[in-house]
Amino acid sequence: MRKGLISALVAASVFTSGPLFAKEGFDQYVESLKEEARQAGIDDDILARAFAGIEYHERAVSADRNQPERRLTLDEYIPRAVPDWKVDQAKALYKKHYAALKKVGEEYQVQPRFIVALWGVESNFGKLQGNYNVIEALATLAYDGRREAFFRQQTMAALTILQEGHIAPENMKGSWAGAMGQSQFMPTSFLHYAVDGNQDGKKDIWQTEADVFASAANYLKQAGWDDTYTWGRQVKLPKHIDRNKLGVESNKALSLNQWQTLGVTRLNGQALPNVDIQAWLIQPDDELGRAYLVYNNYQSLLKWNRSHYFALAVSHLADRIKFG
């Protein structure tokens, strides 16, 4: 009876990838990933190099399961995400790379300051790309099972990137979740949006800034960006407003004139711009927090990352680049 119980516990532990038996179960899972990749046309040489020496990465699982519970308010978050030193760096890099940024901006119809802002928020201008083995992290998270379908898809996409020769397997580094390079693209995003900006035959978002800039611009353009307009603006709300009107759902867009009629003004109390554009009203914290009217370009930023805090950090840095 006791022997049967122990056997059952061992089997359960392997199935749930418990720490003691994770390695055994993980090795078996990796073999299933390899077989799926072979069926998809990935060469055995690529598979051997991509999976060489990888192990179940407990830190990736811990990071995925233990996201910070306390959320900062925007008043706390924005100064941390966009400190003055980052603004100074953004301005200097904008000036340094202006010729390349201007060319990319004109080709994809995206204002260069937003390309630089994304670069700064995502990876501190390439300095913080993550040092995880991407295949190891993705395979671990797929095996962990909490979001298996998603991470298994990302693993196959990452192997496709290796098969296409954009980077060597040994150099494919990223975050614990598999976000890669200076633009922190997930592998599927790379396959959809990465661009060979310097036309050397590779889409290198890890080391080649021309590729980083073009890839970011291409993503925004495909997400609906329109360089005729900006992203939005912080606003002042009336004492009473129907909170059912807040949100970025398509049916909640109103013209600036309609928002003005409802009592929404610029932050300084002046009238909103007389521009024919649809806008959404958001207030990511509570009813006492910052409020914004955002345009369709902001929706494009949300397609990059479904976080108001991310989109507002990028927008704020882009404005600081332009306005100081």
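Residues numbered from 1 in each chain as written. Predicted model: local features only at pLDDT ≥ 70, side-chain atom pairs only at ≥ 80, totals over all residues. Heavy atoms only, no water.

**What to know about the side chain of H57**
- Among the secondary structure elements, H57 is positioned in the loop between helix 3 (44–50) and helix 4 (58–65).
- Look past the residues within four positions of H57 in its chain and what remains in contact with it is Y132, E136 and T140. (Helix = DSSP H or I, 4+ residues; strand = E, 2+ residues; numbered from the N terminus. Contact = heavy atoms within 4.5 Å.)

**Here we look at the packing of aromatic side chains**
- On inspection of all chains with the given rule, the structure shows 17 aromatic pairs.
- Taken together, a centroid distance of 6.0 Å and an interplanar angle of 70° make the contact between F26 and Y56 edge-to-face. Residue F26 is found in helix 2 (residues 22–39), and its partner Y56 is found in the loop between helix 3 and helix 4; the two are separated by 30 residues along the sequence. Each member of the pair, F26 as well as Y56, carries the same accessibility label: buried.
- With a centroid separation of 6.3 Å and an interplanar angle of 40°, the aromatic rings of W231 and Y298 are classed as tilted. Residue W231 is located in the loop between helix 12 (209–222) and strand 3 (232–236), and its partner Y298 is located in helix 14 (residues 296–304); the two are separated by 67 residues in the primary sequence. Note on accessibility: W231 and Y298 belong to one class, buried. (Phe/Tyr/Trp six-rings, centres within 6.5 Å; stacked < 30°, edge-to-face > 60°. Buried < 20%, exposed > 50% of the residue type's maximum accessible area, 1.4 Å probe, protein only.)

**Focus: the pattern of salt bridges**
- Counted according to the given criterion, the structure contains 11 salt bridges.
- Here R38 and E35 are joined by a salt bridge, their closest N and O atoms 3.4 Å apart. Taken together, the positions of R38 and E35, both in helix 2 and three residues apart, correspond to about one turn of that helix.
- The exposure class assigned to E35 is partly exposed, which follows from its relative accessible area of 38%.
- Among the salt bridges present, the one from R152 reaches E148, with a minimum N-O distance of 3.9 Å. Here R152 pairs with E148, and both are found in helix 10 (residues 148–163), just four residues apart, close to one helical turn.
- The buried category is assigned to R152, whose relative accessible area is 17%.
- Taking the relative accessible area as the measure of exposure, E148 reaches 33% and is therefore partly exposed. (Salt bridge = Lys/Arg side-chain N within 4 Å of Asp/Glu carboxyl O.)

**Some points on the confidence of the model for the protein chain**
- Confidence in the prediction for the protein chain averages 92 pLDDT; 91% of positions are at 70 or higher.
- Overall, residues 1–20 carries pLDDT values under 50, and its contacts beyond four positions in sequence, including any with other chains, amount to 10 contacts. (pLDDT = per-residue confidence, 0-100.)

**A closer look at the nonpolar core**
- Ranked by size, the top nonpolar core spans 87 residues in total, and within it F51, L159 and M172 carry the most contacts.
- A total of nine residues in this core trace back to one element, the largest contributor, which is helix 15 (residues 308–323).
- When residues no more than four places from it in sequence are discounted, the contact partners of L159 are A37, I42, I46, L47, A50, F51 and I135.
- Judged by nonpolar contacts, the second largest core, of 15 residues, contains L254, V264, L272 and A279. (Core = buried A, V, L, I, M, F, W, Y, C linked by side-chain atoms within 4.5 Å.)

**A short note on the sheet that holds strand 4 (residues 254–255)**
- Spatially, five strands are ordered 4-6-7-3-5 in an open sheet, and the strand pairing comes out antiparallel. The strands lining the two open edges of the sheet, one partner per strand, are strand 4 and strand 5 (265–266).
- Alignment of strand 4 against strand 6 (residues 278–282), held across two bridges, turns out to be antiparallel. Among the inter-strand pairings, S255 is bridged to a residue of strand 6, identified as Q278. (Pairing = 2+ DSSP bridges.)

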